[in-house]
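Residue strings, one per chain:
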Amino acid sequence: MNVQKNNKKDKIGFQKLIAVFGVILFIGKIVAWKLTNSDAVFSDAMESIVNVISAFMGLYSLHLAAKPKDEDHPYGHGKVEFVTSGIEGALIAIAGLMIIYEGINSLIVGKVLNKLDWGIAIIAATAIVNYFLGYISIKKGENENSLVLISSGKHLQSDTITTLGVVISLVVVYFTKIYWIDSVVALIFGAYIIFVGYKIVRKSLSGIMDEQDPDLLNQIIKVLEENRRIEWIDVHNMKIQQFGANLHIDAHITLPWYYSLRDAHNEMEKMILLLAKNTKRSVEFNFHMDDCKPISCPVCQIADCPVREKDFVKRVTWTPENVTSVDKHTA
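Residues take numbers from 1 onward in each chain, read along the sequence in its written order. Local features in a predicted model are, by the rule used here, given only for residues with pLDDT of at least 70; side-chain atom pairs are given and counted only at 80 or more, and totals for whole chains, interfaces and linings are based on all residues. Excluding hydrogens and water, the side-chain values take into account all heavy atoms of the structure.

**Here we look at the overall build of the protein chain**
And then number 1: In terms of helices and strands, the protein chain carries nine helices and four strands.
And then number 2: By the criteria applied, helices consist of DSSP H or I runs no shorter than four residues and strands consist of E runs no shorter than two, each listed in order from the N terminus. Each helix (α) and strand (β) of the protein chain, taken in turn from the N terminus, gives the series β-α-α-α-α-α-α-α-β-β-α-β-α.
And then number 3: We call a residue buried when its accessible area falls under 20% of the maximum for its residue type, exposed when it is over 50%, and partly exposed in between, using a 1.4 Å probe and counting protein chains only. For the protein chain, buried positions account for 50% of its 331 residues.

**Considering a nonpolar patch on the surface**
And then number 1: Residues I104, L107, I108, V109, I178 and W180 make up a contiguous nonpolar surface patch of roughly 600 Å² in combined accessible area.
And then number 2: Within the secondary structure layout, L107 lies in helix α3 (residues 80-109). Patch members must show over 30% relative accessible area and no salt bridge, and they are joined within 9 Å when carrying like charges or within 5 Å when they are nonpolar side chains of Val, Leu, Ile, Met, Phe, Trp or Tyr. Values of accessible area rely on a 1.4 Å probe in the Shrake-Rupley scheme; residue burial ignores everything except the protein chains shown. Put simply, a salt bridge is a Lys or Arg side-chain nitrogen that is within 4 Å of an Asp or Glu carboxyl oxygen.

**Quick word on the nonpolar core**
And then number 1: In this text, buried Ala, Val, Leu, Ile, Met, Phe, Trp, Tyr and Cys residues form a nonpolar core when linked through side-chain atoms within 4.5 Å. I220, L224, M238, I240, I249, F285 and F287 are the most contacted members of the largest nonpolar core, which has 27 residues in total.
And then number 2: Taken together, the elements giving at least two residues each to this core come down to α7 (214-226), β2 (234-243), β3 (246-255), α8 (261-277) and β4 (283-291).
And then number 3: A per-element tally of this core places α8 first, with seven residues.
And then number 4: Of all hydrophobic cores here, the second largest spans 15 residues; its members include I99, L113, L116 and I120.

**Topic: the confidence of the model for the protein chain**
Close reading of the predicted structure is inappropriate where its pLDDT is low.
And then number 1: Each residue gets a pLDDT score, which is the predictor's confidence in that residue and runs from 0 to 100. Considering every residue of the protein chain, the mean pLDDT works out to 82; 85% of them sit at 70 or more.
And then number 2: The spread of mean pLDDT over the elements of the protein chain runs between strand β1 (residues 2-3), the lowest at 48, and α8, the highest at 93.

**Thoughts on the environment of D234**
And then number 1: Relative to the elements of secondary structure, D234 occurs in strand β2.
And then number 2: In this structure, the C-alpha to C-alpha distance between D234 and I253, residues 19 residues apart in sequence, is 5.7 Å.
And then number 3: Between two residues, a contact is recorded if the distance between any of their heavy atoms is within 4.5 Å. When neighbours within four sequence positions are excluded, D234 is seen to be in contact with H252, I253, T254, W318, K328 and H329.
And then number 4: Polar contacts, as counted here, are pairs of nitrogen or oxygen atoms within 3.5 Å of one another; within protein the pair requires one atom able to donate a hydrogen and one able to accept it, and residues that are adjacent in sequence qualify only if both atoms are side-chain atoms. Only 2.9 Å separates the side chain of D234 from the side chain of H236, close enough to count as a polar contact.

**Points about the pairing of β3**
And then number 1: Most of β3 is tucked away: eight of the 10 residues are buried.
And then number 2: Here a strand pair is declared whenever DSSP counts at least two bridges between the two strands. In terms of strand pairing, β3 meets β4 through nine bridges, oriented parallel. Along β4, the bridge assignment pairs H252 with H288.
And then number 3: With strands facing away from the observer, any crossover in which the path from the first strand over the helix to the second runs clockwise is taken as right-handed. Between β3 and its parallel partner β4, the chain crosses via α8, and the hand of that crossover is right-handed.

**What to know about the packing of aromatic side chains**
What describes a pair of aromatic rings is the distance from one ring centre to the other and the angle between the planes of the rings.
And then number 1: Each pair of aromatic rings taken from Phe, Tyr and Trp, with Trp reduced to its six-membered ring, is defined by centres within 6.5 Å and is described as stacked if the planes are under 30 degrees apart, edge-to-face if over 60, and tilted in the remaining cases. Scanning all chains against the criterion turns up five aromatic pairs.
And then number 2: Note on W257 and Y258: the rings are 6.0 Å apart at their centroids and 85 degrees apart in plane angle, and the pair reads as edge-to-face.
And then number 3: Of the residues examined, W257 reaches a relative accessible area of 49% and is grouped as partly exposed.
And then number 4: Ring geometry for F285 versus F287: centroids 5.8 Å apart, planes at 80 degrees, classification edge-to-face.

**Re the pattern of salt bridges**
And then number 1: Tallied over the full model, the rule gives seven salt bridges.
And then number 2: The partner of E267 in a salt bridge is K270, with the nearest N and O atoms 3.4 Å apart. Taken together, the residues span about one helical turn, with E267 and K270 both in helix α8 at a distance of three residues.
And then number 3: The network of salt bridges with shared partners includes R229, E231, E267 and K270.

**Some details on the environment of D290**
And then number 1: Mapped onto the secondary structure, D290 falls in strand β4.
And then number 2: With relative accessibility at 13%, the residue D290 sits in the buried group.
And then number 3: Taking C-alpha positions, D290 is 4.5 Å from T254, a pair spaced 36 residues apart along the chain.
And then number 4: Every residue in contact with D290, bar those within four places of it in the chain, is listed here: H236, H252, I253, T254, L255 and K328.

**Considerations on the state of the cysteines**
A covalent bond between the sulfur atoms of two cysteines is what we call a disulfide.
And then number 1: Pairs of cysteine sulfur atoms within 2.5 Å are identified as disulfides in what follows. Under the counting rule described, the total for this entry stands at zero disulfides.
And then number 2: You can see C292 has no disulfide; the closest cysteine sulfur is in C305, sitting 6.4 Å from it.
And then number 3: By relative accessible area, C292 is classed as buried at 15%.
And then number 4: You can see C300 has no disulfide; the closest cysteine sulfur is in C305, sitting 5.4 Å from it.

**Comments concerning the environment of S137**
And then number 1: Within the secondary structure layout, S137 lies in helix α4 (residues 116-144).
And then number 2: Not counting chain neighbours up to four residues away, the residues in contact with S137 comprise F14, I18, L149, I150, S152 and G153.

**A few points about empty space enclosed by the protein**
Space left empty within the atom packing is revealed by a probe, the size of a water molecule, rolled over the atoms.
And then number 1: With a 1 Å grid spanning the protein atoms alone, the term cavity applies to any set of points in which a 1.4 Å probe fits but cannot get out, the term pocket to an open set with protein on both sides within 12 Å along at least five of seven lines, and the term lining residue to any residue with an atom within 4 Å of a point. Grid points are joined across faces, edges and corners, and a volume is the space filled by probe spheres set on the points. Counted under the stated rule, the structure contains six cavities of 30 Å³ or more.
And then number 2: Approximately 100 Å³ is the volume found for the largest cavity.
And then number 3: If you list the elements that add at least two residues to the lining of the largest cavity, you get α7, β3, α8 and β4.
And then number 4: When residues of the lining of the largest cavity are assigned to their parent elements, the largest contribution, four residues, is made by α7.

**Concerning the side chain of S169**
And then number 1: Residue placement: S169 occurs in helix α5 (residues 147-176).
And then number 2: Sequence-distant contacts of S169, that is, excluding residues within four places in its chain, are made with I181, D182 and V185.

Set out below in C-alpha cells:
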C-alpha cells in the first residue's frame, strides 16, 4: 500500500532560487576580493563556488528524485538525494581545506589589504542573505523531509559563519593594521567547515546504508502504542528504509487466526492508515499478516477469544528493541 504526500515542484522551485542566489553572492565575493586583496575573502569566495556547484547538484537530485518509479528503479529515485548530499558534504570539507591552505600561505607570505571598508560592506551583505536563505532552506527541508534542502541550508549557514569570521577579521585589521589576524580567523573557520562537511557526509552515508533512524522508529512506535487495538496481537520484524523524502516500511502484524481474510486485511489496513495519517511523508507499506499461535495467547488482550489455549499473562509494551525483532512477542 502506498500513501503519497508530494510537493516536489515546490522543493525544486526553491532549490532553483538557492542556485540563482548562489551565483549572485559568488560574484559579490569575487568583487570584494579584487578590492581588498584579502586571502580570507578569496577563501570565502572559493567556498561560494562549492555553494553554486552544490546548489545545482541539489537541483538535479530533486528533479531526479521527483521521477516516478520505473522498471529499473522499483523503489523510485529518492536515494539520489543521499548521494548528492554526500558529495556536497565532501565539497564543503574540501572548501575547508582550501581555507586552511590559504590561511597558512598568508601567514608565511604576508599581504597588505586594501579598501577594507568596501570589502566589509559587501561581505557582510552576502552573510545576511546566506543566513536567511539557509534558515528557510533548513525549515523547508525539515517540513518536507528533504535531505537536499537541509544540507543546502546547513551549507549556507556554515558559509555565513565563516563569512562573519572574515568580516570580523577585516574590521579588526581595518583598525589595527595587524594583517596576520585575517589569516588566523580563516584557519579557525576552515576547521569548522571541515567538521560541518563531515557531519553531512555521515548523514548521507547512513541513508545510503539504510541505517536505522532511532527518532523515526520511536515516533512510529509511539503512534502505535497510543492508538493500539486489542486485535493487533503483535507487531514485529519492522524495517524502515528512506528514499529521499519517502519511506518504505516493512512489518509483520499478528492477528487472530480465525479471522476471515477480509477481516484480517481490514485490521492491517487500519494500522497502515493510522501510520500514514501521523506522518507528513510519502510512505510505501509492505505489511505481512501472521496468524496467531498458542505462544501468542499469554500476550493476547482479546478477553472473549473463542479459541484461547493459554491464559493471558501480560500486555507487552512495544519498544524499538522488540518491534524490530524477527521473533514474535511472548510473555
